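Here's the letter readout for the chains.
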Protein chains: 2
Amino acid sequence: MVTLKQLAKELNVSISTVSKALNNSEEIGEATIKRVKELAELYNYKPNKVALSLKQNKTKTIGVIIPNILNRFLAKVLFGIEREANKHGYNIITCISNESLKKEKEGLQLLASGSVDGFILSVAEETQITNEVEHFKKTINQGLPIVMFDRVAHDVMCDKVIVDDFDATYNATQLLFGENRKKIAFISCINDLSVGKLRERGYNKAILEHKNQEPLVLKIKKKDDHQKKIKSFFKKNPGIDAVLAADSSSGIIALNTAVNLGLKVPKDISVIAFASKSDSNHTLPQLTTIRQHAKTIGETAAQLLIQRMHNTPASDDVKTNIIKTSLVKTKSIL
Amino acid sequence: MVTLKQLAKELNVSISTVSKALNNSEEIGEATIKRVKELAELYNYKPNKVALSLKQNKTKTIGVIIPNILNRFLAKVLFGIEREANKHGYNIITCISNESLKKEKEGLQLLASGSVDGFILSVAEETQITNEVEHFKKTINQGLPIVMFDRVAHDVMCDKVIVDDFDATYNATQLLFGENRKKIAFISCINDLSVGKLRERGYNKAILEHKNQEPLVLKIKKKDDHQKKIKSFFKKNPGIDAVLAADSSSGIIALNTAVNLGLKVPKDISVIAFASKSDSNHTLPQLTTIRQHAKTIGETAAQLLIQRMHNTPASDDVKTNIIKTSLVKTKSIL
């Protein structure tokens, strides 16, 4: 394994210059930074952990990169991160990747140059599709730990906080079978997200384990008229006696539409949806919800990162914490 | 007016040192920075605009400080800022003040030290209450322009983007009078926010202009059971034939509760609420909504800031843009 000293010798500069260049110090010219980084990359240089722990310029700031600020779940996770970070005297600064790999990389670079001590992030959709992970690995090698949550890159060795989406829909479907429901439909507005696909798979697995049942799935696109789609879905598939919704909007509209069509909830039809407490108030009767505990996810991610940042020299073991969903039963199921 | 040169002379250091110290350069020791800043403050030093325009270290980054990430309106404004900033090649980094004056100050300081070229922000609740504005003025004097949106500090000379909340509820109430409604109620979950109070005042003004009508207001607290509160409000005040809601949740629950109580919408009762397009799908019939155009607010704020940052030497005139709400009529009103 190559050391700072060897890099310095080969480049004919001081060790301090190499170190500063690797940390993007303003004192070092751009050309030198480029030269040092290229050689370090060529030799796959990894910073010495003890040396890193001696690094003094702690910013007491955590960088957070989230894919989409309009996603209520992500906004709540961010809230949880913020609250926990503050408890420990950390500030957070946030970049939004807008589901773009390029913007995710830019955000990492922007904050990695001296602004933050570590990162908490959820992977952008484009990054998930292209499966590119080098930018994460480089950041970690640079001495900045990363904690990933919800949408994680399995090929990156780092701490992770994930949700049991698959189990949640599998269990909820089983619960509806327990009510002796004969025609359980799955409705989703979020099928383009990995988490939406995971929820559908949990439902499918439970359905396929039962004889005489087949998956009955409605996928709604963003540009669709949600109310019309759901109403015509009910009409085309008479006898639906349970709905499991992958998101709050699908669940709320499904329940309100069922009532509008003259069905009694929960006598004729049960409805369960991934949703928050406040969403459950948007139907009468109140919606039975699968809660993701977004704030807990954020808090856990912040705790993991802070532990990692204080762990000197850092341990190589990485942790994956699973935050279990919980089902909050109301009068929308039997 | 004191110049850099005079400060340098009095402190017996170079002009360059004073300039770097005022910009929190890493090259300058903390003690020197403190000494320089104290004297600059004592003399109320204001950076020369032409000199500022020559400042080369543009970060091409905009700092955004928002009070509450769980507020959907603010999240959407942030989305609009992001989109517009990107179009012009700017990144954004965000700090959350959590409605705290202290955190707002920290966020400004954190990002002002070399991370951003300017700020877009909405003022924290605590800042509004205490009416403290020195931290904004200092940031602007430091050469970092600020654009405020929605919740603005009127005592700070800077560009602003605001919403016509008062007019929106005034006009909506007038519209309900036009339907010959006799008992128009106002329901709000956001009465603790300045914008909630403004909306109530618009409603009150319209009501008080009509003989034989008195304000009928339900204020719901966060910890309340929203559904119960609204149901008992309807029962205690028989004959309510119109509801104007200050927020989406109040509007959705009010409409669903009216239906549940056997009222026909809009024959027996009209409902209008501040809400987004997707919220309007959470009721049957769809909810008539007052749209705030949050994304437009964000885009306008970003445009104002970018213009201001490119304006060399800067003009002293400040602009206030008012983004008008629009009422999107559906079948929840006559």
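What counts, and where the lines are drawn
- Residues numbered from 1 in each chain as written.
- Chains lettered and ligands numbered in written order.
- Predicted model: local features only at pLDDT ≥ 70, side-chain atom pairs only at ≥ 80, totals over all residues.
- Heavy atoms only, no water.
- pLDDT = per-residue confidence, 0-100.
- Contact = heavy atoms within 4.5 Å.
- Buried area = accessible area lost by both parts, 1.4 Å probe.
- Salt bridge = Lys/Arg side-chain N within 4 Å of Asp/Glu carboxyl O.
- Polar contact = N/O pair within 3.5 Å; in protein donor to acceptor, adjacent residues only side chain to side chain.
- Helix = DSSP H or I, 4+ residues; strand = E, 2+ residues; numbered from the N terminus.
- Nonpolar A, V, L, I, M, F, W, Y, C, P; charged D, E, K, R; others polar.
- Buried < 20%, exposed > 50% of the residue type's maximum accessible area, 1.4 Å probe, protein only.
- Core = buried A, V, L, I, M, F, W, Y, C linked by side-chain atoms within 4.5 Å.
- 1 Å grid on protein atoms, 1.4 Å probe; cavity = no way out; pocket = protein on both sides within 12 Å on 5 of 7 lines; lining within 4 Å.
- Points joined across faces, edges and corners; volume = space filled by probe spheres on them.
- Pairing = 2+ DSSP bridges.
- Axes fitted to C-alpha atoms, helices over the stretch in contact; angles between N-to-C directions.
- Right-handed = clockwise from strand over helix to strand, strands pointing away.
- Least-squares fit on C-alpha atoms with pLDDT ≥ 70 in both.
- Phe/Tyr/Trp six-rings, centres within 6.5 Å; stacked < 30°, edge-to-face > 60°.
- Lys NZ or Arg CZ within 6 Å of the ring centre and 35° of its normal.

Peer 1: Just checking my understanding: could you explain the confidence of the model for chain A for this structure?
Peer 2: As a note on interpretation, predicted positions should not be read in detail where pLDDT is low. Taken over all residues, the pLDDT of chain A has a mean of 90, while the share at 70 or more is 95%. This stretch, residues 49–56 of chain A, has a pLDDT under 50; its non-local contacts, to residues over four places away or in other chains, come to eight contacts.

Peer 1: I would appreciate a short explanation of the interface of chain B and chain A in the present structure.
Peer 2: Interface size is often expressed as the accessible area that is lost when the parts come together. Counting from both sides, the interface comprises 37 residues of chain B and, opposite them, 37 residues of chain A. Across the interface of chain B and chain A, roughly 3,500 Å² is buried in total on both sides, 55% from carbon and sulfur atoms. The three residues of chain B that bury the most area against chain A are Leu70(B), Gln227(B) and Leu284(B), which together make up 19% of that side's buried surface. Here chain B and chain A share two salt bridges between them. Its salt-bridge partner being Lys103(B), residue Glu82(A) comes within 2.6 Å of it at the nearest N-O pair. Taken together, the links from chain B to chain A amount to 17 residue pairs in polar contact (both at pLDDT 80 or more). Breaking the side of chain B that touches chain A down by element, the ones donating at least two residues are α5 (72–87), β2 (91–96), α6 (101–112), α11 (226–236) and α12 (248–260) of chain B. Among the elements that make up the side of chain B that touches chain A, the one with the highest residue count is α5(B) (seven residues). Among the residues making up the side of chain B that touches chain A, the classes are represented as 14 nonpolar, 17 polar and six charged.

Peer 1: Which parts of the structure should I look at to understand the side chain of His135(B)?
Peer 2: Residues and elements named next belong to chain B. Note that His135 resides in helix α8 (residues 134–141). His135 gets classed as buried once you look at its relative accessible area, which sits at 9%. When sequence neighbours within four positions are dropped, the list of residues in contact with His135 reads Leu101, Glu104, Lys105, Leu108 and Thr127.

Peer 1: It is not clear to me how the nonpolar core should be interpreted in this structure. Could you clarify?
Peer 2: In globular proteins that are soluble, nonpolar side chains generally tend to be buried together. Of all hydrophobic cores here, the largest spans 60 residues; its most connected members are Ile62(A), Ile69(A), Ile120(A), Ile62(B), Ile69(B) and Ile120(B). In this view, Ile120(A) contacts Ile62(A), Gly63(A), Val64(A), Ile65(A), Ile81(A), Val147(A), Phe149(A), Ala301(A), Ala302(A) and Leu305(A); residues no more than four positions away in its chain are not counted.

Peer 1: Is there a simple way to explain empty space enclosed by the protein in this structure?
Peer 2: Empty space among the atoms can be located by rolling a probe the size of a water molecule over them. One pass over the structure, following the stated rule, counts three cavities of 30 Å³ or more. As for the largest cavity, its lining consists of Glu82(A), Asn91(A), Ile92(A), Cys95(B), Ile96(B), Lys103(B), Glu106(B), Gly107(B) and Leu110(B). Elements with a minimum of two residues in the lining of the largest cavity: β2 (91–96) of chain A together with β2 and α6 of chain B. In terms of residues, the lining of the largest cavity owes the most to one element, α6(B), which gives four residues. Residues that form the lining of the largest cavity fall into these classes: four nonpolar, two polar and three charged. Approximately 40 Å³ is the volume found for the second largest cavity. If you trace the second largest cavity, you find it lined by Cys95(A), Ile96(A), Lys103(A), Glu106(A), Gly107(A), Glu82(B), Asn91(B) and Ile92(B). At the level of secondary structure, the elements contributing two or more residues to the lining of the second largest cavity comprise β2 and α6 (101–112) of chain A together with β2 of chain B. Ranked by the residues each element gives to the lining of the second largest cavity, the list is headed by α6(A), at three residues.

Peer 1: Can you help me understand the sheet that holds strand β6 (residues 184–188) of chain A in this one?
Peer 2: Each strand in a sheet pairs with its neighbour through backbone hydrogen bonds, running either in the same direction (parallel) or in the opposite one (antiparallel). All names here are of chain A. The strand order β7-β6-β8-β9-β10-β12 describes an open sheet built from six strands, whose pairing is mixed. Edge positions in the open sheet fall to β7 (216–219) and β12 (326–328), since each of these has one partner strand only. With direction set aside, neighbouring strand axes in the sheet form an average angle of 20°. As paired strands, strand β8 (residues 242–245) and strand β9 (residues 270–274) are joined by four bridges and run parallel to one another. Bridge pairing links Ala245 to Ala273 in β9.

Peer 1: Just to check I follow, could you spell out the pairing of strand β6 (residues 184–188) of chain B for this structure?
Peer 2: Along any regular strand the residues' side chains alternate between the sheet's two faces. Residues and elements named next belong to chain B. β6 sits mainly inside the fold: five of its five residues count as buried. Residues of β6 alternate between two faces, with Ile184, Phe186 and Ser188 on one and Ala185 and Ile187 on the opposite face, all of them buried. The pairing of β6 with strand β7 (residues 217–219) spans three bridges and is classified as parallel. When the sheet's bridge partners are listed, Ile187 is paired in β7 with Leu218. A crossover links β6 with its parallel partner β7, the connecting element being helix α10 (residues 194–208), and its sense is right-handed.

Peer 1: How should the relation of the copies chain B and chain A be read in this particular structure?
Peer 2: Mapping between the two chain copies consists of a rotation about an axis together with a translation along that axis. For these two chains of identical sequence, chain B goes onto chain A by a turn of 180° and a shift of 0.1 Å along the axis, with RMSD 0.3 Å. Both copies of the chain, as the preceding transformation shows, are related through a two-fold rotation axis. Of the C-alpha atoms belonging to chain B, the one lying closest to the rotation axis is found on Thr94(B), 2.5 Å away. When you check the interface residues of chain B against chain A, 100% turn up at the interface there too, and the contact is symmetric in its surfaces.

Peer 1: What exactly am I supposed to notice about the packing of aromatic side chains here?
Peer 2: Residue and element names in this part refer to chain A. Applying the stated criterion across every chain, the model contains two aromatic pairs over all chains. Taking the centre distance of 5.1 Å and the plane angle of 25° together, the rings of Phe186 and Tyr203 count as stacked. Of this pair, Phe186 sits in strand β6 while Tyr203 is found in helix α10 (residues 194–208), placing the two residues 17 residues apart along the sequence. Between Arg199 and the ring centre of Phe274, over which it is positioned, the NZ or CZ distance is 3.7 Å.

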